[in-house]
Amino acid sequence: MYDSILDALRRGAPGEALAAARDLTTTRPDDGRAWELMAQAQRMGGDANGALDSLDHAIALQPDEAALQFQRAAILLARRDIDAATTALTRTLELDPNRYQAYIVQAELAIGRGDLDEAERLEKMAARLGEGDPGLSAVRGMIALRRGDRDRALSILSSAVERHADDPQLLNALAFAYIAKDHLAFAEQTLLRLVQLVPGNTPARRLLADVVLRQGRPAEAATHIEQVLAAGPASTEHLRFAGALDLQLGQLPQAVARLKQVLARTPDDRTALDLLMRAWELRDDRDDARATLEAALATSPRNPALWDARLGVDGSDPDAALAVVERWNAAMPDSVPAVQARVSVAQAAGDQPAAEAAARELTRRLPGDARAQTLLLDLLTERDPQAAVAHLQELHAAAGDDAARRSQVEGWLALAHDQAGNVAEAAKVWIDTHASWAERLMPLPTWSQADVAHAPAAQPDPDAARLVFMAGLPGAGHEQVGRLLTGVVSAFRADRLGTSPPRDALQNVHTVGRLERGETTPADVHAEWRAQLPARGIAQGALIDWLLWWDNAYLAVTRAHLPHAELLMIVRDPRDMLLNWLAFGSPVPFRMGTPDAGAAWLAQGLEHLVVLAEQEPQPLRLLRTDEGINDAALLGQALGQALEVELPAPPRTLFQDQFRFPAGHWRRYTGVLAAPFAALTPVAVRLGYSET
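It should be emphasised that the depicted structure is a prediction, and the values quoted were computed from it without experimental measurement.

(A) Region of interest: the sheet that holds strand E5 (residues 620–624). Strands sit in the order E2-E3-E1-E4-E5 across an open sheet of 5 strands; the sheet is parallel. Strands with a single pairing partner mark the edges of an open sheet, and in this sheet they are strand E2 (492–493) and E5. In terms of strand pairing, strand E1 (residues 467–472) meets strand E4 (residues 566–571) through 5 bridges, oriented parallel. For Phe469, the partnering residue across the bridge sits in E4 and is Leu567. This element, helix H27 (residues 478–485), spans E1, E2, strand E3 (543–546), E4 and E5 of the sheet and lies at about 140° to E1. Its contacts with the sheet place helix H32 (residues 595–615) against E4 and E5, and it is angled at close to 130° to E4.

(B) Just the side chain of Thr236, in detail. Mapped onto the elements of the fold, Thr236 is located in helix H15 (residues 236–248). Judged by its relative accessible area of 18%, Thr236 is buried. Look past the residues within four positions of Thr236 in its chain and what remains in contact with it is Val262, Arg265, Thr266 and Asp269.

(C) Expanded view of the layout of surface pockets. Within this model, the second largest pocket holds a volume of roughly 1,200 Å³. Along the walls of the second largest pocket sit 32 residues, with Arg80, Glu108, Asn172, Phe176 and Pro203 positioned nearest its centre. When residues of the lining of the second largest pocket are traced back to their parent elements, those giving at least two are helix H5 (66–78), helix H6 (82–95), helix H7 (100–112), helix H9 (134–146), helix H11 (168–180) and helix H13 (202–214). No other element matches the 6 residues that H7 contributes to the lining of the second largest pocket. Of the residues contributing to the lining of the second largest pocket, the split by class is 20 nonpolar, 8 polar and 4 charged.

(D) Structural view of the packing of H11 against helix H12 (residues 184–197). With their axes 8 Å apart at the nearest point, H11 and H12 run at an angle of 160° to one another. Judged by the inter-axis angle, H11 sits roughly antiparallel to H12. Relative to H12, H11 is oriented so that their crossing is left-handed. Of the residues in H12, those in contact with Pro168, Leu171, Asn172, Leu174, Ala175, Tyr178 and Ile179 of H11 are Phe186, Ala187, Thr190, Leu191, Arg193, Leu194 and Leu197. Residues belonging to the contact of H11 with H12 are distributed by class as follows: 11 nonpolar, 2 polar and 1 charged.

(E) Up close: the nonpolar core. Counting 113 residues, the largest nonpolar core has Ile5, Leu191, Leu293 and Leu311 as its most contacted members. A total of 9 residues in this core trace back to one element, the largest contributor, which is H7. Those residues in contact with Leu311 that sit more than four places away from it in its chain are Ala321, Val324, Val325, Trp328, Ala341 and Val345. In terms of nonpolar packing, the next biggest core, distinct from the first, is built from 81 residues, Ala414, Leu547, Ala553 and Leu620 among them.

(F) Main features of the pattern of salt bridges. Tallying each qualifying case throughout the model produces 46 salt bridges. Across the pair Glu237 and Arg206 runs a salt bridge whose closest N-O atoms are separated by 2.6 Å. One end of the pair, Glu237, is in helix H15; the other, Arg206, is in helix H13, and 31 residues separate them in sequence. For Glu237, a relative accessible area of 30% gives the class partly exposed. Since its relative accessible area comes to 14%, Arg206 is described here as buried. The salt bridge involving Asp288 is made with Lys260; its shortest N-O contact spans 3.0 Å. You can see Asp288 sitting in helix H18 (residues 286–299) and its partner Lys260 sitting in helix H16 (residues 252–265), a full 28 residues away along the chain. A single network of salt bridges, built from pairs that share partners, joins Asp287, Arg290, Glu294, Arg310, Asp314 and Arg327.

(G) Region of interest: empty space enclosed by the protein. Across all of its chains, the model carries 2 cavities of 30 Å³ or more by this definition. Considered as a void within the structure, the largest cavity measures approximately 100 Å³ in volume. If you go around the largest cavity, the residues you meet are Trp447, Ala471, Gly472, Leu473, Trp550, Met569, Ile570, Gly605, Leu606, His608, Leu609 and Leu612. Of all the secondary structure elements, the ones that give two or more residues to the lining of the largest cavity are E1, E4 and H32. Sorting elements by how many residues they give to the lining of the largest cavity places H32 first, with 5 residues. Quantified by volume, the second largest cavity comes out at close to 60 Å³. Residue lining of the second largest cavity: Phe469, Leu506, Val525, His526, Trp529, Leu547, Trp550, Tyr554, Val557, Thr558 and Leu562, and that is the complete set. For the lining of the second largest cavity, the elements supplying multiple residues, two or more each, are helix H29 (522–531) and helix H30 (555–561). In terms of residues, the lining of the second largest cavity owes the most to one element, H29, which gives 3 residues. Considering only residue class, the lining of the second largest cavity consists of 9 nonpolar, 2 polar and no charged.

(H) Fine view of the environment of Gln352. Counting through the fold element by element, Gln352 comes out in helix H22 (residues 352–365). For the pair formed by Gln352 and Gln62, sequence separation is 290 residues and the distance between their alpha carbons is 79 Å. Contact partners of Gln352, with chain neighbours within four places excluded, come to Leu379 and Glu382.

About the cut-offs
- Residues numbered from 1 in each chain as written.
- Predicted model: local features only at pLDDT ≥ 70, side-chain atom pairs only at ≥ 80, totals over all residues.
- Heavy atoms only, no water.
- Pairing = 2+ DSSP bridges.
- Helix = DSSP H or I, 4+ residues; strand = E, 2+ residues; numbered from the N terminus.
- Contact = heavy atoms within 4.5 Å.
- Axes fitted to C-alpha atoms, helices over the stretch in contact; angles between N-to-C directions.
- Buried < 20%, exposed > 50% of the residue type's maximum accessible area, 1.4 Å probe, protein only.
- 1 Å grid on protein atoms, 1.4 Å probe; cavity = no way out; pocket = protein on both sides within 12 Å on 5 of 7 lines; lining within 4 Å.
- Points joined across faces, edges and corners; volume = space filled by probe spheres on them.
- Nonpolar A, V, L, I, M, F, W, Y, C, P; charged D, E, K, R; others polar.
- Parallel < 35°, antiparallel > 145°, perpendicular 65-115°, else oblique.
- Left-handed = near helix turned anticlockwise from the far one by under 90°.
- Core = buried A, V, L, I, M, F, W, Y, C linked by side-chain atoms within 4.5 Å.
- Salt bridge = Lys/Arg side-chain N within 4 Å of Asp/Glu carboxyl O.

Spelled out as structure tokens, the structure:
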């Protein structure tokens, strides 16, 4: 009775199977098996909705059949209807508590939504029924990976793949484990095997394109993404990725065409919009840019990103830019970005009163916003620095008993005093601020003796991965260097300044003293540091470790156990360092106390740097930030030279919200800070800076 349908299904002939199933359900409408087979034929033919309807017929006739619920869940998952699929899986297990695959699928869904405890519960249930099954290993590996235990995940999955070399689910999970460990070449080989086994696996092919691109082979990545696009209707994400690759490879017409499709589908896609703007700029095609953006604005008139892009097209023409801004403000009268644009356009046109009026409107809308206030203060300072001071004094008085608001305004007021030349007033605000925050800040570490005799260094391992310890003292600008490396150099770790720092001896303010007193050994310090590497995502790979500070006592550790380690030391004129520490604080929240105390501590710390530079007991790379402290491109170039690596050009505005005083600014304060500057001058001279 069912043979003709089953035979057609086995031969992959959904049309024949569907015709036979329809005949059977017509003659036997109460036959649940017939409806089930019709659902399978419809699903094979790509009719998911029809398959669901047929399964519902079958379930109505056989409500206690777990297999029907499981098939229903599979179709719903393919349609990404997760809630309905979860309900169907729950019903499957209610009807058949021993259906192993339902536990596995539910565990995968729990992993996807981040409910790892539930995933582990389901994994344990599945283990009672299918221990040794590759699907169970895949679930275990993914749970370990999501919990951050990359090494355990890799161990589970690689062992399972040795036993089940052609299991697609295992290969997919193993690829993610390799990617998490930054083993991109292994991930690539795993994904290549997966797409050979399952040629229609577009998610794996898309991931393969990304892995290849991350290894610096955009042309090969483009080949893979083209296969993804050819496999069926192109998703927005795939088109965006392909367009970005086209742009990188210089295929500008194709890049524009694809990215315009993305923008038409999702006008709020800022990434696609930025890529399009870059492509139009390279083609010098303002006409196409105007036409495309106007079409997008016609359907999305309240999209600030589109307006911002449209303004960018005509930004060099003051009249055209003003017309765009007026349209923007009319379309979005409550938009803060529209007012910000009005400020910029007025400034570019040289209309200072209009710019100031717009900036005041912005501060009224955003009274506590630092960028809004800074914009107004910059305009006031340019016109009359004392007017900026007066404006802030009014804000300070209006803050009343709001301590947080008063503290914020005091920070702006000090900078306004600085710009107005009121250096004594600026210094007083900063000194008072440090005093008020003292109890909340970290006590200054005690320095060891900078210059001591060292035992001979161990022989470096020529095969050791590159290791760099990076450090700087307050005011040196190492926070700017950190911004240049974050997200760009995969080996860089800034976690010592984060909320979950490594718990090793180099994170402990007492380690130097303990080394000097013999309470710990260099071997112990090294062992603690190395033990934390796996949890930081570092196994045997390269590492740039941003330390909270450097003391030459650590040389006993590096020379004996890490002789290949390089020291990247960040420095600028010590007197500028003290002034910037006073005005802007430090990435490591050290308690300065008074300028005199801060200068004395800085001088001792810089003595360690002088010894490193003069004797080089460890490979040293000295990075001076004096000239590039506010120029991301210039500092990035100097950093690349110091590390002997090629860094991508940083965004022009990377340091925009992290201004620091330029080189030599300390000379404005030689009167009010004469004593602390005098304490720093000898070490400044030894570092190569002018005495005056």
